[in-house]
Amino acid sequence: MAANYVKADELDRQFLQCALCIDRLQKPKLLPCQHTFCQSCLELWVTQNGGTLSCPFCRNQYSLTQRGVAGLPDNFFVNSIIEFINRKRTASSAKTLCDSCENEASDYCYDCAEFMCFECTAAHKRLRTTRDHKVISIDEYLSDLTSVEKVFADDEAKLCGSHEGQEIEIYCDSCGVPICQKCRVKEHYSSEHKLIQLSEAGKASRLVLSDLADRAQEKVDSLREIVSMLKETNRLLHTNREAALNQVKARKKLLIELIDTFGQEVEAELEREFSCRKSTLEENIEYFQQTLDKTTSVCNVTQNLLNEGDDEALLYVSRDTIRKLEENVSTQVRPKTDEDGRIKFVPGSCNEIERVQQFGFIEKTKKSCSKSSSPRLRPITTAGSPDFVVGENANVTLSSTDSEGNIASSGGIPITAKVFSPTGEVGIAKVQDKNDGCYDITFRPRVAGKHKLILAAHGRQMSVEPYELDVLPLQRKILTFGNPSLPECIPSSVSLQEPCGVAISHRNNEIFVADTGNHTIRVFDMDGNYKTQMTYLNMSHDFEPMGMALANEGRVILVTDAGNRQVLICSRDGNLLRRFGDTHLRRPCGIAISHSGLIIVADVESHCIFVYNSSGELLTKVGKFGTDRGQFRRPFGVAVDSYDNIVVSDRDNHRLQIISPSGDILSIIGDDRRSAGDEERLLKYPTGVAVDKNDNIYVCSDWDAQILMFDSKGAFLKKVLSSEVEGLKYPNGIAVGTDSRLVIVDYGQNCAKIIEA
C-alpha cells in the first residue's frame with residue numbers, strides 16, 4: 001500500500017478545535033466518552049456546574065479524582081497531531097526554489113537530492129540516465145518527515161481516564177470506545193455490550209481504514225497532479241505577466257521616443273518652411289520699399305515745382321521729371337509672390353501607425369522654395385542567390401538616391417522592416433546601414449511560400465504595396481534510418497530503440513550507433529544500410545551503451561556502459577579487449593579520445609570529467625557539482641578539438657565548457673542563466689557534442705530539438721537542424737564525417753539522420 005500522508009490544515013480543522021472556546025486545543029484532556037476539550041475550558045465548565053464534571057457534548061457525568069481536571073488523561077492522539085503540524089509548518093515555512101533555474105520547486109528527486117520545477121522535472125524524466133529516479137511532489141516531500149505512521153506511533157501504554165492506573169485492554173464495539181477491565185465490570189458488563197480484544201478491534205479497523213485510504217489515495221494522486229499543474233500554470237501566468245508588462249513598458253518607451261522624434265522632424269519642417277517663405281517676403285518688402293521711396297521723392301519735387309516754380313524753372317527740369325514720373329507710374333505694384341502669410345499645423349489621424357497620419361505634417365504652399373534633402377529609396381534587390389530557403393538567412397539590399405535622382409553615397413536614413421509569413425506570423429527583419437547609400441535587410445523564414453516585406457523610412461511606409469519574396473522549402477537531402485514506422489525512413493532490417501551515442505569510422509565510412517534500448521551496438525554504412533551488431537552478455541547488469549568513440553582509424557571501439565558503470569574497449573570484429581572504470585564511474589555517458597591517446601569520459605551522476613590513459617588507468621578528475629566556472633551539473637557529451645581542448649556539454653547548466661589539456665577553463669558557451677530567462681537561452685539542456693576539422697562545434701539542444709553550430713571561439717554561427725523544419729524530437733548524439741556530413745541519433749524518434757552540414 002502506498003504511504004499515507006496527512007495535510008496539516010485538514011488535521012487542524014478536524015481534530016484540534018475545542019468546542020468550548022472554538023480555538024486550538026491547549027493541554028487537551030480526554031473524557032471517558034472520547035470527547036476532548038482544553039484543560040482550562042473543562043475547569044471553567046466544572047466550576048460553572050457546581051464542581052460536577054459532565055461532557056459538554058453527550059452530557060454524561062463523571063467523577064473527578066483529587067487532582068481534578070488535571071487528573072484526566074492527556075489526549076495522546078491530539079498531542080501527536082499538534083507536534084506533526086508544528087514540524088510540517090516549520091519545514092514548509094520558506095519558499096523552496098528549483099536548483100536548476102531558481103523557479104519555484106514543484107518536485108524533489110531523492111536520487112539527485114535536488115528540488116526541481118515543473119519544466120525541469122519533465123526534462124529529468126525524459127533523460128534516460130535520470131528517468132528512473134524517485135521523484136515526488138514537493139508537498140509529499142515536506143510531509144515525508146511526518147507520515148501518518150510517525151504521527152501516531154507511540155509504544156507507551158494507554159491508561160483509562162476513568163480508572164487511574166488501569167491500562168486500556170478491551171474495545172466495546174457497541175459503544176465504540178476502548179475500555180479497561182474495571183470499565184468492563186462496572187459499565188460494560190451486560191449482554192448489550194459487544195466486547196473485543198483491543199488488538200483484534202484495531203486489526204479490523206485497520207483493514208477498513210486501509211481499504212478506504214487506498215481508494216482515497218487514487219483521488220489524492222489525481223488531485224496532487226492537478227494542484228502541481230495549476231501551481232505551474234500560476235507560476236507561468238506570473239512570469240508571462242511580468243514579461244508582457246516589460247514589453248508594454250518597452251513599447252510605451254519606444255512610442256514616446258518615436259513621438260519625440262516625430263515632433264522634432266515636424267518642428268524642423270516648420271522651420272524650413274518658415275525660413276524659405278520669410279526670405280521671399282523680405283526680398284519683396286525690400287524691393288517695394290525702395291520703389292516707394294523713389295516714387296515719393298519724385299512726387300514731392302514735382303509738386304514743389306508746380307506750386308512754387310516759375311515757367312522758366314519748370315521748363316529746365318520738365319523733360320527729366322516727366323521721364324521719371326512715367327517710369328514710376330509704369331512700375332507694377334503687385335508683389336512677386338503669392339504668399340498670403342498663412343502657415344499652419346494639420347493634425348494627423350489616429351487610425352494609422354505612420355508618422356504623417358499619426359502625428360501630422362506641415363502644409364506647404366505650391367510655390368514654396370524649400371527642397372527636401374532626404375534621399376529617395378530605390379526598389380530592393382536580392383543579395384547573392386535570389387532563392388530564399390526555409391531555415392536559412394534571407395538577405396536583400398535596399399539602395400537609395402538623392403532628391404536629384406542620383407545614387408546616394410551616404411546612409412543615415414532610419415529604416416525599419418517587418419516580414420509577414422504566409423501563415424500570418426509577423427517578424428522583425430534586421431536592417432544594417434552600410435553608410436554608402438545601401439541597407440542590408442536580413443530575416444530567417446520558418447515556412448515556405450510568399451512572404452511580404454514592409455519597409456518604412458522615418459516611420460513612413462515606403463511603398464503602398466509590400467515587397468513580395470518567394471521562400472522555397474528546404475531542398476537539403478536528409479537520410480533517415482533505424483525506424484521503419486517513419487514514412488521518410490529508408491528500408492532497414494533493424495529498429496533502433498532509444499539510441500544515444502554515435503561515431504563515424506573515416507577509414508571505411510561506417511556508422512556506429514549505441515542502441516541503448518536494445519542493449520547493443522549497431523553498425524551501418526553511410527547510406528544507412530545495416531551491416532552488423534555487437535552485444536556483450538555475461539555482465540552483472542544489462543549492457544547499456546551510451547557514448548561512442550573510435551581509435552586507430554576505426555579498428556578500435558570505445559563505448560561507455562552505463563548499466564555496469566564501465567568503459568569497454570573492443571575490436572572492430574566485436575571482441576572485448578579491455579574494460580575499466582567500474583571503481584570510479586557512477587553513470588558514464590559521453591566519451592572522446594584526444595590526439596595524444598587520452599580517454600575522456602563524462603559522468604552524469606558524478607558531475608565531473610574523468611581522464612584515463614590508453615591502458616585505462618585514471619589520471620585525473622576535472623570538476624565537481626555546481627554552477628560556477630569549472631563545475632558541472634550532469635555533463636553529458638564530450639568532444640576534442642585539434643588542440644586537444646575538451647568540449648563538454650554541461651547539460652543542466654545549459655552551457656558548453658571548453659577545457660584546455662592542462663584542465664583550465666578556456667571559455668563557456670551559452671552561460672546566460674543569470675542574465676536571461678528560460679525562453680531567451682540559446683542552449684537548453686545540451687546533450688551530444690562534436691567538433692569538425694575546422695574546430696567548429698556542433699551541439700544537440702535537447703529541449704527545443706535543434707542542432708546548433710558555433711565556431712572555435714564560441715560565437716554562434718547558425719542553426720543546422722531544428723524540429724520545425726527537419727522534424728527532430730530529442731537529439732542525443734552527433735558525429736561529423738570528413739566530408740562534413742553530420743550523423744545525428746534522435747532518441748525521441750528511435751532513428752538516426754545523415755545530413756550535410
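Residues numbered from 1 in each chain as written. Predicted model: local features only at pLDDT ≥ 70, side-chain atom pairs only at ≥ 80, totals over all residues. Heavy atoms only, no water.

An unreviewed UniProt entry lists the protein under the name Tripartite motif-containing protein 2, with Holothuria leucospilota given as the organism.

Draft legend 1. Representation of the environment of L598 within the structure. For L598, the location among the structural elements is in the loop between β32 (588-593) and β33 (599-603). Assessed through its relative accessible area of 29%, L598 is described here as partly exposed. Separated by 18 residues in sequence, L598 and G616 have C-alpha atoms that sit 9.1 Å apart. For L598, the contacting residues outside a window of four places in its chain are A592, I593, V611, Y612, N613 and L619. (Helix = DSSP H or I, 4+ residues; strand = E, 2+ residues; numbered from the N terminus. Buried < 20%, exposed > 50% of the residue type's maximum accessible area, 1.4 Å probe, protein only. Contact = heavy atoms within 4.5 Å.)

Draft legend 2. Summary view of the pattern of salt bridges. Under the criterion given, the structure shown has 21 salt bridges. Of the charged contacts in the structure, one is a salt bridge between E119 and K684, with a shortest N-O distance of 2.9 Å. Placement of E119 in helix α4 (residues 118-126) and of K684 in the loop between β39 (665-669) and β40 (686-691) is noted, with a sequence separation of 565 residues between them. Classification of K684 by relative accessible area gives buried; the value is 4%. Taking the shortest distance from any N to any O, the salt bridge between K434 and D440 comes out at 3.9 Å. Through salt bridges with shared partners, one network takes in E114, R633, R634, R651, D652 and D702. (Salt bridge = Lys/Arg side-chain N within 4 Å of Asp/Glu carboxyl O.)

Draft legend 3. Summary view of the sheet that holds strand β10 (residues 195-197). Strands sit in the order β9-β8-β10 across an open sheet of three strands; the sheet is antiparallel. The open sheet terminates on both sides in strands that have one partner only, identified here as β9 (177-179) and β10. This sheet shows a mean twist of 35° between the axes of neighbouring strands, independent of strand direction. (Pairing = 2+ DSSP bridges. Axes fitted to C-alpha atoms, helices over the stretch in contact; angles between N-to-C directions.)

Draft legend 4. Focus on the confidence of the model for the protein. A residue-level look at the protein finds 80% of positions with pLDDT of 70 or above and a mean pLDDT of 79. For the protein, per-element mean pLDDT is lowest for helix α6 (residues 148-152), which scores 46, and highest for β33, which scores 97. A low-confidence stretch, residues 1-6 (pLDDT under 50), is modelled with 17 contacts involving residues beyond four sequence positions or located in other chains. (pLDDT = per-residue confidence, 0-100.)

Draft legend 5. Layout of the pairing of strand β38 (residues 655-659). With five of five residues buried, β38 is to be regarded as a mostly interior element. Side-chain alternation along β38 places R655, Q657 and I659 on one buried face and L656 and I658 on a second face that is also buried. Pairing analysis gives five bridges linking strand β37 (residues 646-650) to β38, with the strands arranged antiparallel. Looking across to β38, one finds that V647 is bridged to I658. Adjacent in sequence and paired antiparallel, β37 and β38 are bridged by four residues, among which H654 carries a positive phi angle near 55°. Sheet topology places β38 next to β39; four bridges connect them, and they run antiparallel. Its bridge partner lying in β39, Q657 is registered against I668.

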